[in-house]
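Chain residues, written in single-letter form:
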Amino acid sequence: MSNQDKPIDFEKERRKIKSVKKMKDIMTHYYIDAKTAGETGKKVAWITSGGPVEPLIAMDVIPVYPENHGAMIGASKMGVDLCEKAEGMGYSGDLCTYALADIACSPVDGGPIGGLPKPDMLVCCNNICGTVLKWYEVQARYYDVPLFILDTPFCHTEFSAEAQQYVRRQLDEYLVFLETACGRTCDRDRLQEVGRLSMAGQRLWQAVLDTTVNKPAPMSAFDAFFHLALIVTLRGTQTVIDYYTELLAEMQTRVAEGISAVPDEQHRLLWDNLPIWYRTKWLSEKFASHKACLVADTYTSAWCGSLQYMNEDDFLGSMAEGYSRIYLNIGTDQMAAMVLGMIDKYAAEGLVMHSNRSCKPYSLGQYDIARIVQEQRGLPTLIIEANMTDARSFSESQVETRIDAFMEMLKA
Amino acid sequence: MDVMQPFYDICADPKAYARRWKARTGGKVVGTLCSYAPEELILAAGALGFRLVGGSGAISKADAHLQAYSCSLVRGALEDALSHRLDFLDGTIFPHTCDSIQRLSDIWRMNAHTGFHLDVVLPVKLNTASARDYMTAVMRKARSGLENMLEKAISDDDLRQAADTYNRIRATMKRLYAIRRERPGAIAGRDMHAIARAAMVMDRHDFLADLTRVVDQVADTETAARGDAKRIFLSGGVCNLPDVYGFIEAAGGAVVGDDLCTGSRQLMGAIDLKDDPIDAISRRYSERAVCPAKHTGVRTRGEELVRMAKEANAQGVIFLYLKFCDPHAFDYPYLKDTLAAEGIPTLLMELEEQTASDGQFQTRCEAFMEML
Ligand code: SF4
Ligand code: SF4
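Rules behind the numbers
Residues take numbers from 1 onward in each chain, read along the sequence in its written order. Lettering for chains starts from A, numbering for ligands starts from 1, and both go in the order in which the items are written. In view of the model being predicted, local features appear only for residues whose pLDDT reaches at least 70, and side-chain atom pairs are presented and counted only at 80 or more, with totals across whole chains, interfaces and linings using the full set of residues. Excluding hydrogens and water, the side-chain values take into account all heavy atoms of the structure. Helix and strand labels come from DSSP, where a helix needs a run of H or I of at least four residues and a strand needs a run of E of at least two; each type is numbered from the N terminus. The buried label goes to any residue with under 20% of its type's maximum accessible area, the exposed label to any with over 50%, and the partly exposed label to all in between, with areas taken from a 1.4 Å probe on protein chains only. Surface accessibility in these figures is a Shrake-Rupley result with a 1.4 Å probe; residues are shielded only by whichever protein chains are displayed. Residues scored as positive are Lys and Arg, those scored as negative are Asp and Glu, and His as well as the terminal groups of each chain are ignored. Where a charge lies is defined by one atom per residue type: Lys uses NZ, Arg uses CZ, Asp uses CG and Glu uses CD. Under this scheme, a helix contributes an axis fitted over its contacting stretch, all axes are lines through C-alpha atoms, and angles between N-to-C directions fall in the 0 to 180 degree range. By definition in these notes, contact holds between two residues if any of their heavy atoms fall within 4.5 Å. Three classes are used, and their members are as follows: Ala, Val, Leu, Ile, Met, Phe, Trp, Tyr, Cys and Pro are nonpolar, Asp, Glu, Lys and Arg are charged, and the others, Gly among them, are polar. Working definition: residue near molecule or strand if any one of its non-hydrogen atoms lies within 4 Å of it. Any two rings among Phe, Tyr and Trp, with Trp reduced to its six-membered ring, count as a pair given centres within 6.5 Å; such a pair is stacked if its planes are under 30 degrees apart, edge-to-face if over 60, and tilted if neither. Two thresholds decide whether a charge sits over a ring: the Lys NZ or Arg CZ must be within 6 Å of the ring centre and within 35 degrees of the ring normal. Distance and chemistry together define a polar contact, namely a pair of N or O atoms within 3.5 Å, with one atom able to donate a hydrogen and the other to accept it when in protein, and with adjacent residues in sequence counting only for side-chain atoms on both sides. The term buried area means the drop in 1.4 Å probe accessible area that two parts suffer when joined, counted for both and summed. A carboxyl oxygen of Asp or Glu within 4 Å of a side-chain nitrogen of Lys or Arg is what we treat as a salt bridge. By this definition, two strands are paired if DSSP reports at least two bridges between them. pLDDT expresses how confident the predictor is about each individual residue, on a scale running from 0 to 100. In these notes, a set of buried Ala, Val, Leu, Ile, Met, Phe, Trp, Tyr and Cys residues joined through side-chain atoms within 4.5 Å is what counts as a nonpolar core. Oblique is the label for any angle not covered by the other classes, which are roughly parallel (under 35 degrees), roughly antiparallel (over 145) and roughly perpendicular (65 to 115). By the definition used in this description, the sense in which the near helix is turned from the far one sets the handedness, with an anticlockwise turn below a right angle giving left-handed and a clockwise turn giving right-handed.

## Side note on the overall build of chain A
For chain A, the helix and strand inventory stands at 19 helices and eight strands. Its C-alpha atoms give chain A principal-axis dimensions of roughly 65 × 50 × 45 Å. Taking all 412 residues of chain A together, the buried fraction comes to 62%. When the accessible area of chain A is evaluated, it comes to approximately 15,200 Å², of which 52% is carbon and sulfur surface. Here chain A contributes 41 positive and 54 negative side-chain charges, whose respective centroids are spaced 4 Å apart.

## Remarks on the packing of helix α18 (residues 366-377) of chain A against helix α5 (residues 99-111) of chain B
One way to put it is that α18(A) packs onto α5(B) with a least axis distance of 10 Å and a crossing angle of 40°. Of the residues in α5(B), those touching α18(A) at A:Asp368, A:Arg371 and A:Ile372 are B:Ile107, B:Met110 and B:Asn111. Looking at the contact of α18(A) with α5(B) residue by residue, the classes come out as three nonpolar, one polar and two charged.

## Comments concerning the site of ligand 1
All names here are of chain A. Near ligand 1 the following residues occur: Glu67, Cys96, Ile128, Cys129, Thr131, Val132, Trp135, Leu274, Leu328, Ser358, Cys359 and Met388. Broken down by element, the residue count for the shell around ligand 1 peaks at three residues, all from helix α8 (residues 131-143). Among the residues making up the shell around ligand 1, the classes are represented as nine nonpolar, two polar and one charged.

## Focus: the site of ligand 2
Taken together, B:Cys71, B:Val74, B:Cys98, B:Ile101, B:Leu322, B:Phe324 and B:Cys325 make up the full set of residues adjacent to ligand 2. The residue makeup of the shell around ligand 2, split by class, is seven nonpolar, no polar and no charged.

## Things to note about the packing of aromatic side chains
Counted according to the given criterion, the structure contains 26 aromatic pairs over all chains. Residues A:Trp205 and A:Tyr244 carry aromatic rings whose centres are separated by 4.9 Å and whose planes lie at 35° to one another, so their mutual orientation is tilted. Placement of the pair is A:Trp205 in helix α10 (residues 188-210) and A:Tyr244 in helix α13 (residues 238-257), with a sequence separation of 39 residues. Here A:Trp205 and A:Tyr244 have matching classes, each one buried. Counting every residue linked through ring pairs, the aromatic cluster contains A:Phe222, A:Phe225, A:Trp271, A:Trp277, A:Tyr299 and A:Trp303. In this structure, B:Arg288 packs its charged tip against the face of B:Tyr36, placed 3.9 Å from the ring centre.

## A few points about helix α12 (residues 277-287) of chain B
All names here are of chain B. With eight of its eleven residues buried, α12 lies for the most part within the structure. Pro277, Ile278, Ala280, Ile281, Ser282, Arg284, Tyr285 and Ser286 are the residues of α12 that are buried. On its buried side, α12 packs onto α3 (39-44), α6 (129-150), α7 (156-182) and α11 (264-267). Of the residues that open α12, the one with a side-chain oxygen 3.2 Å from the backbone nitrogen of Ile278 is Asp276.

## As for the interface of chain B and chain A
Interface size is commonly expressed as the accessible area that is lost once the parts come together. At the junction of the two partners, chain B supplies 49 residues and chain A supplies 56 residues. Buried area between chain B and chain A, both sides added, is near 4,500 Å², and the carbon and sulfur share of it is 56%. Interface area lost by chain B to chain A is led by B:Tyr69, B:Arg103 and B:Phe330, which between them contribute 20%. Where A:Glu158 meets B:Lys141, a salt bridge forms, and the shortest distance between an N and an O atom there is 2.7 Å. Put simply, the parts of the chain that give the side of chain B that touches chain A at least two residues each are α5, α6 and α14 (326-341) of chain B.

## Details of the pattern of salt bridges
Tallied over the entire structure, the rule returns 62 salt bridges over all chains. Here A:Lys85 ties to A:Asp81 by a salt bridge, and the two come within 3.1 Å at their closest N and O atoms. Here A:Lys85 pairs with A:Asp81, and both are found in helix α6 (residues 79-88), just four residues apart, close to one helical turn. The residue A:Arg392 makes a salt bridge to A:Glu87 at a minimum N-O spacing of 2.8 Å. Note that A:Arg392 is positioned in the loop between β8 (381-386) and α19 (396-411) and A:Glu87 in helix α6, a separation of 305 residues in sequence. Taken together, the shared-partner salt bridges connect A:Lys134, A:Glu137, B:Asp259, B:Arg301 and B:Asp331 into one network.

## Notes on the sheet that holds strand β4 (residues 116-120) of chain B
All names here are of chain B. Pairing in this open sheet of four strands is parallel, and the strands run β2-β1-β3-β4 from one edge to the other. Two strands bound the open sheet, and with one partner strand each, they are β2 (48-51) and β4. For this sheet, the mean inter-axis angle between neighbouring strands, taken without regard to orientation, is 25°.

## Notes on unusual backbone geometry
Residues and elements named next belong to chain A. The omega torsion across Lys215 and Pro216 is -5°, close enough to zero to call that bond cis. Even without a glycine there, the phi angle at Asp60 is positive, about 60°. Relative to the assigned elements, Asp60 resides in the loop between α4 (54-58) and β2 (62-64).

## A word on the sheet that holds strand β4 (residues 147-150) of chain A
All names here are of chain A. As summarised here, the arrangement of the four strands in space is β2-β1-β3-β4, forming an open sheet in which the pairing is parallel. Edge strands, defined here as strands with exactly one partner in the open sheet, are β2 and β4. Averaged over all pairs of adjacent strands, the angle between strand axes in this sheet comes to 25°, irrespective of strand direction. The pairing of strand β3 (residues 121-125) with β4 spans four bridges and is classified as parallel. By the bridge assignment for β4, Val123 is matched with Phe148. Packing against the sheet, α8 makes contact with β1 (44-47), β3 and β4, and its axis sits at approximately 170° to β3. Along the sheet face, helix α9 (residues 161-182) touches β1, β3 and β4 and points at about 165° away from the line of β4.

## Description of the environment of A:Lys6
Residue and element names in this part refer to chain A. Mapped onto the fold, Lys6 is located in the segment before α1 (10-15). Overall, Lys6 belongs to the exposed group, its relative accessible area being 55%. As for Lys6 and Pro112, which are separated by 106 residues in sequence, their C-alpha atoms are 31 Å apart.

## Quick notes on the confidence of the model for chain B
In this model, chain B carries a mean pLDDT of 92, and residues with pLDDT of at least 70 account for 96%. Predicted complex, confidence summary: ipTM 0.95, pTM 0.96.

## Brief notes about the nonpolar core
If you look at the biggest cluster of nonpolar residues, it comprises 259 residues, and the most contacted ones within it are A:Tyr244, A:Leu283, A:Phe287, B:Phe7, B:Trp108 and B:Ile195. Apart from the residues within four sequence positions on either side, A:Leu283 is in contact with A:Phe222, A:Trp271, A:Ile276, A:Ile384, A:Val399 and A:Ile403. B:Ile232, B:Leu241, B:Val244 and B:Ile248 belong to the second-largest nonpolar core, a separate cluster that totals 19 residues.

## Section: the environment of A:Ala405
All names here are of chain A. The topology assignment puts Ala405 in helix α19. Owing to a relative accessible area of 46%, Ala405 belongs among the partly exposed residues under this scheme. Expressed as a C-alpha distance, the spacing of Ala405 and Leu382, which sit 23 residues apart in the sequence, is 9.5 Å.

## Some words on the packing of helix α10 (residues 243-250) of chain B against helix α15 (residues 360-371) of chain B
All names here are of chain B. The interhelical angle for the contact between α10 and α15, taken along N-to-C directions, is 40°, at an axis separation of 9 Å. If you check the angle between α10 and α15, you find them oblique. Crossing of α10 against α15: the hand is right-handed. Here Val244, Phe247, Ile248 and Ala250 of α10 come into contact with α15, specifically with Phe361, Gln362, Cys365 and Met369. Along the lines of polarity and charge, the residues of the contact of α10 with α15 split into seven nonpolar, one polar and no charged.

Encoded structure:
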């Protein structure tokens, strides 16, 4: 039977998320804008995924996210080649592979979009890890551009008064840095407005993620990995709000019509850590074959997790706390409490952890979280050893066997 | 050398030393995880600072908490804690440094039973006014934290005296470094290692007395300078491997300086005794040679390393890194290139705690010396 004669699988078509195309268009436009910034006279700032982007938006600076680029590199299976290049430059292969891929990309304009647009400045917030500090130091030397570091003290057990003061002062320094780099002042009213849009975007993103409390879930964590890009890259713009409003409506319709992400959903699981970008499709199909849906994850929810600390009426003032108390910048026991909260909220029956050699702040502590989930909810954990960008450490047969065994146990 | 005996005794079993010290003085022992732990505060409280630089046995219990891709330092330290080998500790101080120690602190707090737990969340950036103010605020908080946990008031005078002791230790170490630089071989590498190791564990007053004795003796002894030896500078993190020095010397090298976290980085930099003691102590931690997990500028580490290597007239630099140590691994290509631009060749040795003795290191060392 030739391809043309293959009957259309209506069930599969119905299941496809229609907003995907629009999302792809938005991201394409965003990258075209960024790559043509030189012609339009706009400045480009590279910024870490957890960094405060709102002041950039308010200053009409185009934010570019090497981590989002890293995810694209991973998803397009170009990670191995770039990581090998970085090793050739002298970097240890044990380092964060987003950093390795990005560093190796710069001199060759490699990767799926022919390299990122060159930065005019770098903005590094260490609320996700200490790795970004080292990575941005490398790039600050390479591109010879100014680097701003927003230092958000780690909240092992508290966000202290002195940390609050320190971060707050740095936010003022950040604005001065931007004003110097752009040669004009930052309009505080505009910043306040961008802050309002940012928070509205985050609330919508949370609402989208929350649609998976429904049984069956209208989308899975794998869909969230894809739709996440906007809240990361364009937070603070109307585009995000419009898009997530549409996506939310689509999810609500799916719920009403009983359209599920996974056909005949029988099992609900929670995912922890970054995606394994070069294997998302395979993993998603693998779990689906067991009628299991990954209904939520700790990763995509990190971009709306600190909304509770933000204040719409005093955005700049509340940014210090909001940007410090994010998922990766808090103690392992607090992370465990959040995982338990998600397990309850989304009615998950098990936890799937990606033990990610590439990301120590996310991965060290996972064993304790797994233990706490076992003790407090009696739920089992599957641990998958991998790395988000570099496929070399991924053993498909081993992972497959472990998933099968885990699912058999869950079904029993 | 007889005067060296106390240091070797401690190196042979630092934990036994701490237990004896405790029994003898009735004092308290505080574990520390890196060279940014404010040791002056511990000393001012009359306690013994005990630096944890890795484990003393095979890893088994720690494997339930830490993945195999964490460095041997954090795995080893946790293993010791969980195996009750650190039962003599009254508490532990975790300064904020790398991602691995950051998570180790959480895991330790949740699982280890080693007395009180004090996170000293230092700034990562050290070169701005707001960061320095924050550093001082954190130090003040660490002081009152320690006062509570050790149930002992720490007066400004206590602090000044402790700072003075550390100043003397650091000045004496500086003298020793200077002698070694001028007369390579005047003190054997393994002796230097034993001293640096003991500096992290021994009663600091006793250490100062014994150290002074050694340095006086080394200064007075006419050793034939090993003029033919290749002058080697060591750069890197934690070096808990006495063998390294033996290999370098056997291969025809002599260590003439280092920027190790367990070497000069912990032992250099003076505290200004005229100032408010907390301000002065904070300033020393902000201004001393920076660890790669902290930031003082995008080129400061390279410039500093070149300056130190040149000052020591080094012919070559050997990088000693622990496997899975991110901050050092990120700096390596840049530091290597910066040194190369100055005509200083380098060798990278990535170590797992137990693997230095496998012959590989020796072979590579020999090849490196020949090339110089
Ligand atoms: S993957 Fe982990 S280590 Fe890498 S940039 Fe993200 S948080 Fe940092
Ligand atoms: S060796 Fe490196 S990774 Fe390990 S604790 Fe020290 S700085 Fe951190």
